[in-house]
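Structure assessment
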Amino acid sequence: MIKIFQYVFGVVYVTLDAISENCDSQRKPVTNGNRESGEYPYYGASGIVDYVNDYIFDGDYLLVSEDGANLLARSTPIAFSISGKNWVNNHAHVLKLDTYETRRYVEFFLNSIDLSTWITGGAQPKLNQQNLNKIRIPLPTQDEQKRIVSILDRFDTLCNDISSGLPAEIEACQKQYEYYRDKLLTFEVKAV
């Protein structure tokens, strides 16, 4: 039905529960003292917390912070994609979406909006599953999602990837500057 509305209207507004499978019931928190070190990332609300010797998820997922001051402060992204074998604790919602483009599109969208309307709790901000499911997302066609994600992925690489983004460009400019500086300040000695 969503595809028909997209075909007719271009963009449809949907809630997260209409386009994703919520896997929160599979999460298992493990206290620091009970974790056995290993190779699999152990995720919390803001990213990797530890590495453990077992996994409960295997695949591509979108994690969304469930609680913590970061929901309001936004010092790190509140939505982030993960891939492969991993373990997720009960501080992040786990969403499974159909395609890479939809997952990344939703990730970019959630990181760009003010979530305060859906956050409860005073001392400890919380985005519960019920409120998460109420967030309306403008969902364009798959082709448009792919175009938007491609552009935003390139910007993300330019800004954050050490090997190919702005840091690499700055390093290249620095080398170019040093080359021309040395050329301009090197003089041929003329024989008299």
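Preceding this section is the structure that the text describes.
Scoring rules and cut-offs
- Residues numbered from 1 in each chain as written.
- Predicted model: local features only at pLDDT ≥ 70, side-chain atom pairs only at ≥ 80, totals over all residues.
- Heavy atoms only, no water.
- Core = buried A, V, L, I, M, F, W, Y, C linked by side-chain atoms within 4.5 Å.
- Buried < 20%, exposed > 50% of the residue type's maximum accessible area, 1.4 Å probe, protein only.
- Helix = DSSP H or I, 4+ residues; strand = E, 2+ residues; numbered from the N terminus.
- Contact = heavy atoms within 4.5 Å.
- Phe/Tyr/Trp six-rings, centres within 6.5 Å; stacked < 30°, edge-to-face > 60°.
- Pairing = 2+ DSSP bridges.
- Axes fitted to C-alpha atoms, helices over the stretch in contact; angles between N-to-C directions.
- Polar contact = N/O pair within 3.5 Å; in protein donor to acceptor, adjacent residues only side chain to side chain.
- Expected span 1.5 Å × (residues − 1).
- Salt bridge = Lys/Arg side-chain N within 4 Å of Asp/Glu carboxyl O.

1. Considering the nonpolar core
- Counting residues in hydrophobic clusters, the biggest one holds 25 residues, and the most contacted among them are Leu 16, Leu 62, Val 64, Val 106, Leu 110, Leu 115 and Ile 135.
- The set of elements that each furnish at least two residues to this core consists of strand E1 (11-15), helix H2 (16-19), strand E5 (57-65), strand E7 (92-97), helix H4 (100-112) and strand E8 (136-140).
- Top contributing element to this core by residue count: H4, with four residues.
- Each residue touching Leu 110, except ones within four places of it in the same chain, is listed here: Leu 16, Leu 62, Val 64, Arg 74, Ile 78, Ala 79 and Ile 135.
- Membership of the second largest hydrophobic core comes to 10 residues, among which are Cys 23, Tyr 43, Tyr 61 and Ala 92.

2. Let's talk about the packing of aromatic side chains
- One pass over the full model with this rule turns up three aromatic pairs.
- For the ring pair Phe 57 and Tyr 61, a centre distance of 5.2 Å and an interplane angle of 65° mean the geometry is edge-to-face. Considered together, Phe 57 and Tyr 61 belong to a single accessibility category, that of buried residues.

3. Here's the deal with the sheet that holds E7
- A sheet is described by the order of its strands in space; here six strands give the open sequence E2-E7-E5-E6-E3-E4, paired in mixed fashion. Bordering the open sheet on either side are strand E2 (20-22) and strand E4 (47-52), each of which pairs with just one other strand. Strand-to-strand twist in this sheet, taken as the mean axis angle between neighbours without regard to direction, amounts to 40°.
- Taken together, the eight bridges between E5 and strand E6 (residues 79-88) define a ladder with antiparallel strand orientation. Counted as the bridge partner of Tyr 61 is Ile 82 from E6.

4. A short note on the side chain of Asp 67
- Topologically, Asp 67 is positioned in the loop between E5 and helix H3 (70-73).
- A distance of 2.9 Å separates polar atoms of two side chains, one belonging to Asp 67 and the other to His 91.
- Non-local contacts of Asp 67, meaning those with residues more than four positions away in its chain, are made with Ala 45, His 91, Gln 124, Pro 125 and Lys 126.

5. Examining the pairing of E4
- With six bridges joining them, strand E3 (residues 37-44) and E4 adopt antiparallel strand pairing. Looking at the pairing, Tyr 43 lines up with Ile 48 of E4.
- From the end of E3 to the start of E4, which pair antiparallel, there are two residues.

6. Points about H4
- A rise of 1.5 Å per residue sets the reference length of H4, with its 13 residues, at 18 Å; its end C-alpha atoms lie 18 Å apart and thus fit the reference within 8%.
- Regarding H4, the residues found buried are Glu 101, Thr 102, Arg 103, Arg 104, Tyr 105, Val 106, Glu 107, Phe 109 and Leu 110.

7. Here we look at the pattern of salt bridges
- Under the defined criterion, the tally for this structure stands at seven salt bridges.
- Its salt-bridge partner being Glu 107, residue Arg 104 comes within 3.0 Å of it at the nearest N-O pair. Here the residue Arg 104 and the residue Glu 107 both occupy positions in helix H4, the gap between them amounting to three residues, near one helical turn. In terms of burial, Arg 104 and Glu 107 fall into one category: buried.

8. Here's the deal with the environment of Asp 60
- Relative to the helices and strands, Asp 60 resides in strand E5.
- Spatially, the C-alpha atom of Asp 60 lies 8.1 Å from that of Tyr 100, the residues being 40 residues apart in sequence.
- Ignoring anything within four residues of it in the chain, the contact list for Asp 60 reads Ile 82, Ser 83, Gly 84, Lys 96 and Arg 103.
- Within the structure, the side chain of Asp 60 is placed 2.7 Å from the side chain of Ser 83, a separation counted as a polar contact.

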